[in-house]
Amino acid sequence: MSKIPIVIKPKPLITVTDDYYNYHITLGYITTLGGKRLGFNSGNGYVQYRDHGKKYYVHRKIFEMGTGLKIPQDMVIAHKNGDSSDNRFKNLHLSTNQQNGQERGKNKNNTSGEKNVYPFGNKWQVQIKVDGKTEYFGTYENIDDAVIVRNKTIESLNKLGHRYISEYPSII
């Protein structure tokens, strides 16, 4: 019996062009009409480019060109995988600042290994930002109890219309 070769066709490259630039939506970068790739790391992980002396973020422009929509002032463009230099259209989505903050992973200085769980003396405290204000949801003897309370609290907040990630990866 002979094997039938599997042929995988690449997705078509979607490029949108205006008077000055090519916006490579699928790949997540911008080139001049002459083919020169634009962009520099802005120091905070985001890729920017200059147009007539003004700086623009590539991810915002890719999103606008991919959807044909202007980004509302109260919204941001978030990176689904958390990599701010990955500007492929499929990695971008519209979000509020609060939602974007909740989607972030653990802070670099996190000592508990858990998001929203902090050491408090020799105990563990659950803190979650709700509508821009830090709310406290108890102090617990062990980290496992704090994680359970955090998860249940987030589930309850989501039922009230908030949007929090309910499952955080745990190192325990």
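Above this note sits the structure.
Just so we're clear, the structure is a prediction, and the values are computed from it rather than from any experiment.

Trainee: Describe in detail the overall build of the protein, supporting the description with residues and values.
Mentor: From N to C terminus, the protein includes three helices and twelve strands. Evaluated residue by residue, the protein yields a buried proportion of 33% over its 172 residues. In the protein, of all internal contacts separated by at least 6 residues, the share reaching a separation of at least 24 is 35%. Of the accessible surface of the protein, which amounts to about 11700 Å², a share of 53% is contributed by carbon and sulfur atoms.

Trainee: Could you give an account of the sheet that holds strand 5 (residues 40-41), naming the residues involved and the relevant values?
Mentor: As a general point, the strands of a sheet are linked pairwise by backbone hydrogen bonds and lie either parallel or antiparallel. Pairing in this open sheet of three strands is antiparallel, and the strands run 5-6-7 from one edge to the other. Two strands in the sheet have a free side with no partner beyond their single neighbour: strand 5 and strand 7 (54-57). Bridge analysis of strand 5 against strand 6 (residues 47-51) gives two bridges, and the strand direction is antiparallel. Residue pairing in the sheet places Phe40 in a bridge with Gln48 of strand 6. Across the face of the sheet, helix 1 (residues 58-67) comes into contact with strand 6 and strand 7 while running at roughly 65° to strand 7.

Trainee: Got a sec to walk through helix 3 (residues 143-159)? Specific residues and values, please.
Mentor: The end-to-end C-alpha distance of helix 3 is 25 Å, a good match for the 24 Å that 17 residues give at a rise of 1.5 Å each. Buried within helix 3 we find Ile143, Ala146, Val147, Arg150, Thr153, Ile154 and Leu157. Mapping the buried residues of helix 3 onto a view down its axis gives an arc of 130°, with all of them on the same face. Exposed residues lying more than 90 degrees from the buried face of helix 3 are Lys152 and Lys159.

Trainee: Requested: an account of the pattern of salt bridges, with residues and values cited.
Mentor: Here the structure, examined in full by the defined rule, presents five salt bridges. For Lys159, the salt bridge is made with Glu155, and the minimal N-O distance between the two is 3.8 Å. Here Lys159 and its partner Glu155 are both found in helix 3, four residues apart, which amounts to about one turn of the helix. Classification of Lys159 as exposed rests on a relative accessible area of 68%.

Trainee: I'd like a description of the packing of aromatic side chains, backed by residues and values.
Mentor: The tally for this structure, following the rule as stated, stands at six aromatic pairs. Between Tyr20 and Tyr21, the aromatic rings sit 6.3 Å apart at their centres with planes inclined by 50°, giving tilted as the arrangement. On the accessibility criterion, Tyr21 (9% relative accessible area) is buried. Seen from their ring centres, Tyr21 and Tyr23 are 6.2 Å apart, and the 70° between their planes marks the pair as edge-to-face. In terms of burial, Tyr21 and Tyr23 fall into one category: buried. Grouping aromatic residues by their ring pairs yields a cluster made of Tyr20, Tyr21, Tyr23, Tyr49 and Tyr56.

Reading the values: the criteria
Residues numbered from 1 in each chain as written. Predicted model: local features only at pLDDT ≥ 70, side-chain atom pairs only at ≥ 80, totals over all residues. Heavy atoms only, no water. Helix = DSSP H or I, 4+ residues; strand = E, 2+ residues; numbered from the N terminus. Buried < 20%, exposed > 50% of the residue type's maximum accessible area, 1.4 Å probe, protein only. Contact = heavy atoms within 4.5 Å. Areas by Shrake-Rupley, 256 points an atom, 1.4 Å probe, with all protein chains shown as cover. Pairing = 2+ DSSP bridges. Axes fitted to C-alpha atoms, helices over the stretch in contact; angles between N-to-C directions. Expected span 1.5 Å × (residues − 1). Arc of directions from axis to C-beta. Salt bridge = Lys/Arg side-chain N within 4 Å of Asp/Glu carboxyl O. Phe/Tyr/Trp six-rings, centres within 6.5 Å; stacked < 30°, edge-to-face > 60°.

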